[in-house]
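The primary structure of each chain is shown beneath.
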Amino acid sequence: MNQKIFYDAYHQGQSQHKVTEMLQKERRSVISNMFKDLPGDKRKHVLIVGCGLGEDAETVGMSTVAIDISEIAIMKARQSYPRHTYLVADGESMPFVDNCFGAVVCSEVIEHVQDPPRMVMESYRVLGPNGVLLMTTPNWKSFYGIARWIGELILKRPLTSAEQPIDHWYSKDLLEKLLRQHFTVLQWRGIWFFPPIGLGHKTLPISIMLPLFRLLMPIEWLLQRKLAGYAHLVAVACIKEKAV
């Protein structure tokens, strides 16, 4: 299926499981904290690639430029968070001049594009000197990765999140290999060390799992720095030119 058609339909009727909402809230919290660690000049001109319904643009706490291939997502994001500038555009071919942003945030996007190296190169191109790329993506070396691998082995077919047309997960090592030709890593974070609780409507009771996960969040926060390479999502901040 065409990517744009899929995501237009996806954002028309998007609803999230309560545990997924909790996971996404934690993902945005980590992005916000990593973003606050950036130098002040890098936080002035920010591009959000694959902005979805606009939550990631709002997460950085200031006016941004945000793009997505879905017209529906852009329309809804503009209605919900109007202070940002929105464009329907592809992260693999961005409609911006070279060296025009201080930071690019690309969260849960790189795994869904046809040509990941091209998106990395486009991020490099639009970033100014010492510009920072902040990226997150699902991780094979996690409980979720193991569950997906077992599911694909049993069903003998690829499994993707929400039946997305492209869903190529990474690991910390694979993501660093993709980035290191053009960027130098500043820091890693892991997001969500809890195991999956089921698929679709077949999940463990929310009334039990949500309070349990909330109770265990201090352990999650501790592991985010200690074992970033084994979380469900890996997050990386990297600089366009080698750090001095």
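Reading the values: rules and limits
- Residues numbered from 1 in each chain as written.
- Predicted model: local features only at pLDDT ≥ 70, side-chain atom pairs only at ≥ 80, totals over all residues.
- Heavy atoms only, no water.
- Helix = DSSP H or I, 4+ residues; strand = E, 2+ residues; numbered from the N terminus.
- Rg over C-alpha atoms; globule rule 2.2 N^0.38 Å.
- Areas by Shrake-Rupley, 256 points an atom, 1.4 Å probe, with all protein chains shown as cover.
- Contact = heavy atoms within 4.5 Å.
- Polar contact = N/O pair within 3.5 Å; in protein donor to acceptor, adjacent residues only side chain to side chain.
- Patch = residues over 30% accessible without salt bridge, like charges linked within 9 Å, V, L, I, M, F, W, Y side chains within 5 Å.
- Salt bridge = Lys/Arg side-chain N within 4 Å of Asp/Glu carboxyl O.
- Buried < 20%, exposed > 50% of the residue type's maximum accessible area, 1.4 Å probe, protein only.
- Expected span 1.5 Å × (residues − 1).
- Arc of directions from axis to C-beta.

Peer 1: Summarise the overall build of the protein; cite the residues concerned and give the values.
Peer 2: Along the backbone of the protein there are 9 helices and 9 strands. Against the compact-globule benchmark of 18 Å for 244 residues, the protein has a radius of gyration of 17 Å, which places it among compact chains. Principal axes of the C-alpha set define a box for the protein whose edges measure 50 × 40 × 35 Å. Taken as a whole, the protein presents about 12,500 Å² of accessible surface, with 58% of it coming from carbon and sulfur.

Peer 1: I'd like to hear about the environment of Asp167, residue by residue, with values.
Peer 2: Position of Asp167 among the secondary structure elements: in the loop between α6 (143–155) and α7 (172–179). Each C-alpha atom, one on Asp167 and one on Glu108, is 9.8 Å from the other, the two residues being 59 residues apart in sequence. Excluding residues that lie within four positions of it along the chain, Asp167 makes contacts with Glu111, His112, Arg148, Thr160 and Ser161. A distance of 3.1 Å separates polar atoms of two side chains, one belonging to Asp167 and the other to Trp169.

Peer 1: So what's going on with a nonpolar patch on the surface? Which residues, and what values?
Peer 2: The grouping of Phe143, Ile146, Trp149, Ile150, Leu153, Ile154 and Leu155 at the surface amounts to a nonpolar patch, some 750 Å² of accessible area in total. Mapped onto the fold, Leu153 is located in helix α6.

Peer 1: Please provide a residue-by-residue account of unusual backbone geometry, values included.
Peer 2: Positive phi, close to 60 degrees, is recorded for Ala162, a residue that is not glycine. On the secondary structure map, Ala162 appears in the loop between α6 and α7. Exposure remark for Ala162: the relative accessible area of 44% places this residue in the partly exposed category. The phi torsion at Glu163 lies on the positive side, around 60 degrees, for a residue other than glycine. Relative to the helices and strands, Glu163 is located in the loop between α6 and α7. The class of Glu163 is exposed, set by a relative accessible area of 58%.

Peer 1: Explain α6 residue by residue, including any values.
Peer 2: Over its 13 residues, α6 runs 18 Å from end to end, which matches the ideal 18 Å to within 8%, given 1.5 Å per residue. Taken together, the buried positions of α6 are occupied by Tyr144, Gly145, Arg148 and Gly151. End-on, the buried residues of α6 take up no more than an arc of 125 degrees, which puts them together on one face. Of the exposed residues in α6, the ones pointing more than 90 degrees away from its buried face are Trp149, Leu153 and Ile154. The elements touched by buried residues of α6 are α2 (18–36). Where α6 terminates, the next one or two residues include Lys156, which has phi positive at roughly 60 degrees.

Peer 1: Can you break down the pattern of salt bridges residue by residue, with the values?
Peer 2: Pairs can form between side chains of opposite charge once their charged atoms are near each other. Tallying each qualifying case throughout the model produces 10 salt bridges. The partner of Asp8 in a salt bridge is Lys4, with the nearest N and O atoms 3.0 Å apart. One end of the pair, Asp8, and the other, Lys4, are both in helix α1 (residues 3–12), 4 residues apart, so they sit about a helical turn from each other. Judged by its relative accessible area of 16%, Asp8 is buried. A salt bridge links Glu21 to Lys18; the shortest N-O distance between them is 3.9 Å. A residue pair is termed a helical-turn pair when its members lie 3 or 4 positions apart in one helix, as Glu21 and Lys18 do in helix α2 at 3 residues. Each of Lys4, Asp8 and Glu71 takes part in salt bridges that share partners, so that together they form one network.

Distances and angles like these do not, on their own, reveal function.
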